[in-house]
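Fold and contact review
Single-letter residue listing:
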Amino acid sequence: MVELAVVLPTFKERENVAPVLAALERALAGIHYEVIFVDDDSPDETAELIRGISLRDPRVRVLQRIHRRGLSSACVEGMMATAAPYIAVMDADLQHDETILPAMLATLKQQHLDLVIASRNMPGGSMGDFSRERVAISGFGKTLSRMVCRCELSDPMSGFFLLDRAFVHEVVRSVSAIGFKILVDLVASCRRPVRFAEVPYRFRTRQRGESKLDIMVLIEYLQLVLDKMVGDLIPARFLLFSVVGALGALLNMAALAMLFRWFGLEFTIALGVATFLAMTSNFFLNNTVTYRDRRLKGSMLWLGLVSFYAVCSVGGVITIMLSEFLRRAGLAWYTAGAIAVVITSVWNFSITQLVTWRLQRRRHASRSAPQQA
Ligand SMILES: Nc1nc2c(ncn2[C@@H]2O[C@H](COP(=O)(O)OP(=O)(O)OP(=O)(O)O)[C@@H](O)[C@H]2O)c(=O)[nH]1
Ligand SMILES: [Mg+2]
């Protein structure tokens, strides 16, 4: 019977697949285990390579996700794809020390815990060759995590941990699955104190393949923390969309002031150009931040931009008509304006979500649809 499943999220890790499997084979001698790679359709065909290995070794499987990105959601789906009573999650790039897995498993079983975390921030552990900036960012992440986890974790940014399956099932429906930091997400999703232990390890330097860390990891982490705090009331994606919208409104005002006051353009023309600029920047910001996981590329990017202009222009007309209507109905100008802006934001968000950021999927769906005879 399989006792332990090791979930390895991958994106462009082809050259690490064989070494990580060999390392697990050595470390887990005597334990019945299986390995589940969750690959987000890596262009280097990591998934194809793993499928080849699975044919020979049934302990190895791959879950290949199409049009999806995201480390956290990959881990969740990997965890849900196994029947093993214990589940380990670790990176596939050999930075996590697989040799401590048996000790982590023994601790979890002996102490009847929900979770054992491999920590870099306790005696015996180390951040390895982490640059000072990355240590600082990790520290900042740790401080933020205290706002949502009701316990003190020494390394909440860790992507290396072992769980009891019952715990996964208990929290999985509350998990946000946004971004990179699945551990904080799991712990913050639990309605009772989590029973956990920490085991030290030394983070290794990446030997092969490239890092996927970028500024988006930080933005998505902020999004996760926000979702954990207010997500039951307002969807995190809507919050991000609103932040981008507010930035756009500022840009709109600044451009209007410049074009009208400095360049002496006629007011309506200046307003038109400023609005056009703000809509364009909003589209690109939303495409890279709010909808990173469904980012439009190539020809779909331009089609998306046109549909975004169309939806937001209708939104603009709604704002004008609604605020005028409310003002005539006796509301103060600022109340009428505020209500109209909120309603327009919901309109812009809902319709662009349904139309603009569905384009890529539609195109692929129509391409892969069976041909009619
Ligand atoms: N399925 C999936 N896996 C991902 C994604 N992004 C990263 N990964 C995998 O998650 C693990 C961690 O990513 P890394 O880029 O190594 O992040 P890191 O270890 O914090 O950064 P480095 O120290 O620079 O390597 C690796 O196994 C990646 O292949 C993703 O979008 N989807
Ligand atoms: Mg790594």
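Residues numbered from 1 in each chain as written. Chains lettered and ligands numbered in written order. Predicted model: local features only at pLDDT ≥ 70, side-chain atom pairs only at ≥ 80, totals over all residues. Heavy atoms only, no water.

Observations concerning the coordination of the magnesium ion (ligand 2)
Coordination of the magnesium ion (ligand 2) by the protein comes from Asp93 (OD) and Gln95 (OE1), over a distance range of 1.8 to 1.9 Å. A single burial state applies to Asp93 and to Gln95, both of which are buried. (Donors = N, O, S within 2.8 Å, 3.2 Å for Na, K, Ca; no water. Buried < 20%, exposed > 50% of the residue type's maximum accessible area, 1.4 Å probe, protein only.)

So, the packing of aromatic side chains
When we look at a pair of aromatic rings, we describe it by the centre distance and by the angle of the planes. Going through the model one piece at a time under the given rule, you end up with 12 aromatic pairs. Aromatic side chains Phe241 and Phe349 sit 5.4 Å apart centroid to centroid with 65° between the ring planes, which places their arrangement in the edge-to-face category. Highlighted residues: Phe241 in helix α9 (residues 236-262) and Phe349 in helix α12 (residues 333-354), separated in sequence by 108 residues. Given the relative accessible area of 8%, Phe241 is considered buried. Judged by centre distance (5.5 Å) and plane angle (85°), the ring pair of Trp333 and Tyr334 falls under edge-to-face. Summarising the burial analysis for this pair, Trp333 and Tyr334 share the class exposed. Following the ring pairs from residue to residue traces out a cluster consisting of Phe283, Phe284, Tyr291, Trp302, Phe308 and Trp357. Of note, Arg69 hangs over the ring of Phe11, and the distance from its end group to the ring centre comes to 3.6 Å. (Phe/Tyr/Trp six-rings, centres within 6.5 Å; stacked < 30°, edge-to-face > 60°. Helix = DSSP H or I, 4+ residues; strand = E, 2+ residues; numbered from the N terminus. Lys NZ or Arg CZ within 6 Å of the ring centre and 35° of its normal.)

Observations regarding the environment of Ile100
Tracing the backbone shows Ile100 in the loop between β4 (86-89) and α4 (101-110). Accessibility expressed as a relative area gives 13% for Ile100, which makes it buried. Counting along the chain gives 72 residues from Ile100 to Leu28, while the straight-line C-alpha distance between them is 9.5 Å. Excluding residues within four positions of it along the chain, Ile100 makes contact with Ala118, Phe160, Val199, Pro200 and Tyr201. (Contact = heavy atoms within 4.5 Å.)

Here we look at the sheet that holds strand β7 (residues 196-200)
The sheet built from 7 strands is open, its strands ordered β3-β2-β1-β4-β6-β5-β7 with mixed pairing. Each having just a single partner strand, β3 (60-64) and β7 make up the two edges of the open sheet. With direction set aside, neighbouring strand axes in the sheet form an average angle of 20°. Pairing of β4 with strand β6 (residues 161-164) involves 4 bridges; the strand directions are antiparallel. Its bridge partner lying in β6, Ile87 is registered against Leu163. Against the sheet, helix α1 (residues 14-27) touches β1 (4-10), β2 (33-39) and β3, its axis set at about 155° to β2. Across the sheet, α4 lies against β1, β4, β5 (115-119), β6 and β7, angled at about 35° from β6, the strand it touches most. (Pairing = 2+ DSSP bridges. Axes fitted to C-alpha atoms, helices over the stretch in contact; angles between N-to-C directions.)

Topic: helix α5 (residues 132-145)
With 14 residues, α5 should cover 20 Å at 1.5 Å per step; its first-to-last C-alpha distance of 20 Å lies within 8% of that length. Listing the buried residues of α5 in full gives Ser138, Gly141, Leu144 and Ser145. Buried positions in α5, seen along its axis, are confined to an arc of 120° and lie on one side of it. In α5, those exposed residues whose orientation departs by more than 90 degrees from the buried face are Arg132 and Glu133. For α5, the secondary structure elements touched by its buried residues are α7 (182-188) and α8 (215-230). (Expected span 1.5 Å × (residues − 1). Arc of directions from axis to C-beta.)

Focus on the site of ligand 1
Near ligand 1 lie 21 residues; those nearest to it are Glu13, Asp40, Arg69, Asp93 and Ser211. In this structure, Thr10 approaches ligand 1 through a main-chain N or O atom, which is 3.2 Å from a nitrogen atom. Side-chain polar atom of Arg134 to an oxygen atom of ligand 1: 3.1 Å apart, as the coordinates give it. For ligand 1, whose free accessible area comes to 640 Å², the fraction covered by protein is 95%. At the level of secondary structure, the elements contributing two or more residues to the shell around ligand 1 comprise β1 and α3 (71-80). (Near = heavy atom within 4 Å. Polar contact = N/O pair within 3.5 Å; in protein donor to acceptor, adjacent residues only side chain to side chain. Areas by Shrake-Rupley, 256 points an atom, 1.4 Å probe, with all protein chains shown as cover.)

With respect to the pattern of salt bridges
All told, the structure shown has 22 salt bridges when counted by the stated rule. In this structure, Glu3 engages Lys109 in a salt bridge whose closest nitrogen and oxygen atoms are separated by 2.4 Å. Pair noted here: Glu3 is in the segment before β1 and Lys109 is in helix α4, with a separation of 106 residues, a long-range link. Overall, the relative accessible area of 22% leaves Glu3 in the partly exposed class. Look at Lys109 and you get partly exposed, because its relative accessible area is 35%. One salt bridge in this structure joins Glu152 and Arg146, with 3.1 Å as the shortest N-O distance. Here the salt bridges share partners, and the residues they tie into one network are Asp40, Arg65, Arg68 and Glu77. (Salt bridge = Lys/Arg side-chain N within 4 Å of Asp/Glu carboxyl O.)

Details of the nonpolar core
Residues Leu4, Leu8, Phe37, Leu101, Met104 and Leu162 are the most contacted members of the largest nonpolar core, which totals 37 residues. Looking at this core, the elements that each hand over two or more residues are β1, α1, β2, α2 (46-56), β4, α4, β5 and β7. It is α1 that contributes the most residues to this core, 5 residues altogether. Not counting the four nearest positions on each side in its chain, Met104 is found in contact with Val116, Ile117, Ala118, Phe160, Phe161, Leu162 and Val199. By size, the runner-up hydrophobic cluster in this structure holds 35 residues, among which are Leu71, Met79, Ala188 and Leu224. (Core = buried A, V, L, I, M, F, W, Y, C linked by side-chain atoms within 4.5 Å.)

Overview of the domain arrangement of the chain
Where the parts come together, the accessible area they lose is often given as the size of the interface. Structurally, the chain comprises domain 1 (4-230) and domain 2 (236-366). Distance between the C-alpha centres of domain 1 and domain 2: 37 Å. On the domain 1 side of the contact with domain 2, His67, Met216 and Gln223 bury the most area, a combined 51% of that side's loss. Here domain 1 is connected to domain 2 by 1 salt bridge. Viewed at the interface, domain 2 and domain 1 are joined by 1 residue pair in polar contact (both at pLDDT 80 or more). Split into classes, the residues belonging to the side of domain 1 that touches domain 2 amount to 5 nonpolar, 2 polar and 4 charged. (Domains from an automatic or database assignment. Buried area = accessible area lost by both parts, 1.4 Å probe. Nonpolar A, V, L, I, M, F, W, Y, C, P; charged D, E, K, R; others polar.)

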